[in-house]
Amino acid sequence: MSKTRVGILTAGGDSPGLNAAIRGAGKAALDAGMEIVGIRDGFRGLAENLTIKLDKRSLAGILTVGGTVLGTGRDKPQAMEMNGRIRDMRSTIARNYRKLKLDALVCLGGGGTHKNVLRLIEAGLNIVTIPKTIDNDVVLTDTAIGFDTALDIATTAIDRLHSTAHSHHRIIIAEIMGHRAGWLALGAGIAGGADVILIPEIPYDVHNVAAAIRRRKQYGTNFSIVAVAEGALPMREAARVAAVVRHKKQAKNKTEKRLAKAELLQLQEAHAGHTLRLARQLEALTHLEARVTILGYVQRGGTPTSADRLLATRLGAAAVRLIQQGQFGMMVASRGDDTRAVPIADVAGRLKLVPPDHSWITSARSVGTCFGDHPGT
Ligand code: F6P
């Protein structure tokens, strides 16, 4: 009988711990007597038949390495740029999957990847996914690979910003990744003791933020740290975005949907440079100097923490167990110390946002953190 052949790919933005998961799944598969093949650069590798040999040797020494040895990309199977044209590559991908004699595919990815995977399952591929994203916004899993490392990096950055903000009596705004979910800014803001935390889930009024900073000044503390998620929105902008999203959902025809989509894109573009504008507004309202530090891709780079290595190894090994049991169309979720198989159909198209009454938020409010949503006292 021929050996079970398993492909492994990483898709979407990279996150620390991907290599640990490739190693976890790869070694577990080899141990179970399977053959493994690495697919390069996400779904593009399947469309263009780009593979990498994976064996005991190539899996050795990658546990602690950042990024992904397989390469990654944000290509969508149903709309992929090929020689200057956008093409639906689903049937090519299904053909290549068969050509490679794959029995199953392990896809490591976040929200976008799960939507793409669902389309490939419909095209007949046997897929198991592993959640990874520094944004921590994949539903039905406690956490995703990369979040812990990014949290650590962002917290360390806030720690370092404290001493310089204090020395110069300045407001320092740390912009932290997270367009739609604020987990990273929230977690790092709390762990780093930020005075203000602004996240997409809680629209803010800059006057409330300025009032909190002025109150600190009155008590003799003339510096403040603001942790702001990329996607944090002032109340008026947030209301506009919510209205357009509603229009898009209720659109009666394709034209209405297209117009709503175009308006959302415009709003997104108008949001660029938001953190710098916030700094200027706070300077005017508090008469303190303000500086901005955009943490950017540093948050996604480098060595994964021990927690991410552990998570990646657990999820990688669990993905192979699902393949052995023939349980396809499933994501391996982390639940406490255990793992659980959840249908990819229940994950795709959903986002795990921070609930406004989440314990992290109530704890932060209890220690006096301002979220900019009310004037405070
Ligand atoms: O990985 C998720 C994320 O880090 C978001 O927080 C960020 O906005 C986005 O990816 C940007 O990534 P890229 O520039 O690679 O598309």
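As the structure is a computational prediction, the values presented were derived from the model and not from experiment.

## Considering the layout of surface pockets
- The computed volume of the second largest pocket comes to approximately 430 Å³.
- What lines the second largest pocket is a set of 21 residues, and nearest its centre among them are Ala-212, Arg-215, Gly-368, Thr-369 and Cys-370.
- Within the lining of the second largest pocket, the residues separate by chemical class into nine nonpolar, seven polar and five charged.

## A closer look at the domain arrangement of the protein chain
- As far as domains go, the protein chain holds domain 1 (5-145 + 304-346) and domain 2 (151-300 + 355-366).
- Between the C-alpha centres of domain 1 and domain 2 there is a distance of 32 Å.
- In this assembly, ten residues from domain 1 lie in contact with eight residues from domain 2.
- Between domain 1 and domain 2 the total buried area reaches about 740 Å² when both faces are included, carbon and sulfur atoms providing 55% of it.
- Viewed at the interface, domain 2 and domain 1 are joined by one salt bridge.
- Among the salt bridges present, the one from Asp-14 reaches Arg-300, with a minimum N-O distance of 2.9 Å.
- Residues belonging to the side of domain 1 that touches domain 2 are distributed by class as follows: two nonpolar, four polar and four charged.

## As for the site of the ligand
- Around the ligand sit Arg-74, Ile-134, Asp-135, Met-177, Gly-178, His-179, Glu-230, Tyr-297 and Arg-300, and those are all the residues in its vicinity.
- Interatomic distance of 3.3 Å between a side-chain N/O atom of His-179 and an oxygen atom of the ligand.
- Measuring from an oxygen atom of the ligand, one finds a side-chain N or O atom of Arg-300 at 2.9 Å.
- Taken by itself the ligand offers 400 Å² of open surface, and the protein chains cover 75% of this.

## Focus on the pairing of strand S2 (residues 35-39)
- Across the five residues that make up S2, a large majority, four, are buried.
- The sheet contact formed by strand S1 (residues 5-10) and S2 spans four bridges and is parallel. Its bridge partner lying in S2, Arg-5 is registered against Glu-35.
- Handedness of the crossover joining S1 and S2 through helix H1 (residues 18-31) is recorded here as right-handed.

## Some thoughts on the nonpolar core
- Ile-176, Leu-184 and Ile-199 are the most contacted members of the largest nonpolar core, which totals 32 residues.
- Counting residues per element, this core draws most heavily on helix H6 (residues 147-168), which supplies eight residues.
- For Ile-199, the contacting residues outside a window of four places in its chain are Gly-182, Ala-185, Leu-186, Ala-229, Ala-232, Val-354 and Ile-361.
- Of all hydrophobic cores here, the second largest spans 31 residues; its members include Leu-59, Leu-108, Ala-312 and Met-330.

## A few points about the sheet that holds S2
- Read from one edge to the other, the open sheet built from seven strands follows the order S3-S2-S1-S6-S7-S12-S13, with strand pairing classed as mixed. Looking at strand neighbours, the two that pair on one side only are strand S3 (51-53) and strand S13 (338-343), the edges of this open sheet. If you compare each strand with its neighbour and ignore which way they point, the axes differ by 30° on average.
- Relative to S13, strand S12 (residues 330-335) is paired through six bridges, and the arrangement is antiparallel. Paired with Ser-334 across the two strands is Thr-339, which belongs to S13.
- Those strands touched by H1 are S1, S2 and strand S6 (104-109), and its axis lies near 175° from that of S1.
- Contacting S1, S6, strand S7 (127-131), S12 and S13, helix H12 (residues 306-324) crosses the sheet at an angle of about 140° to S12.

## As for the environment of Arg-335
- Turning to its location among the elements, Arg-335 is positioned in strand S12.
- Assessed through its relative accessible area of 23%, Arg-335 is described here as partly exposed.
- Sequence separation between Arg-335 and Gly-231 is 104 residues; the distance between their C-alpha atoms is 28 Å.
- If near-sequence neighbours (up to four positions away) are discounted, Arg-335 is found in contact with Leu-140, Thr-141, Asp-142, Arg-340 and Val-342.
- Here Leu-140 takes part through its backbone oxygen, which lies 2.8 Å from a polar atom of the side chain of Arg-335.

## Regarding the sheet that holds strand S9 (residues 196-198)
- Here we have four strands laid out as an open sheet, ordered S9-S10-S8-S11, and parallel in their pairing. Each edge of the open sheet is held by one strand with a lone partner, namely S9 and strand S11 (289-294). In this sheet, adjacent strand axes meet at a mean angle of 20° when their direction is disregarded.
- Relative to strand S10 (residues 224-229), S9 is paired through three bridges, and the arrangement is parallel. Its bridge partner lying in S10, Val-196 is registered against Val-226.
- Along the sheet, H6 makes contact with strand S8 (170-176), S10 and S11, crossing S8 at roughly 165°.
- Sheet strands in contact with helix H7 (residues 183-191) are S8, S9 and S10, and its direction is about 170° off that of S9.

Definitions and limits used
- Residues numbered from 1 in each chain as written.
- Predicted model: local features only at pLDDT ≥ 70, side-chain atom pairs only at ≥ 80, totals over all residues.
- Heavy atoms only, no water.
- 1 Å grid on protein atoms, 1.4 Å probe; cavity = no way out; pocket = protein on both sides within 12 Å on 5 of 7 lines; lining within 4 Å.
- Points joined across faces, edges and corners; volume = space filled by probe spheres on them.
- Nonpolar A, V, L, I, M, F, W, Y, C, P; charged D, E, K, R; others polar.
- Domains from an automatic or database assignment.
- Contact = heavy atoms within 4.5 Å.
- Buried area = accessible area lost by both parts, 1.4 Å probe.
- Salt bridge = Lys/Arg side-chain N within 4 Å of Asp/Glu carboxyl O.
- Near = heavy atom within 4 Å.
- Polar contact = N/O pair within 3.5 Å; in protein donor to acceptor, adjacent residues only side chain to side chain.
- Areas by Shrake-Rupley, 256 points an atom, 1.4 Å probe, with all protein chains shown as cover.
- Buried < 20%, exposed > 50% of the residue type's maximum accessible area, 1.4 Å probe, protein only.
- Helix = DSSP H or I, 4+ residues; strand = E, 2+ residues; numbered from the N terminus.
- Pairing = 2+ DSSP bridges.
- Right-handed = clockwise from strand over helix to strand, strands pointing away.
- Core = buried A, V, L, I, M, F, W, Y, C linked by side-chain atoms within 4.5 Å.
- Axes fitted to C-alpha atoms, helices over the stretch in contact; angles between N-to-C directions.

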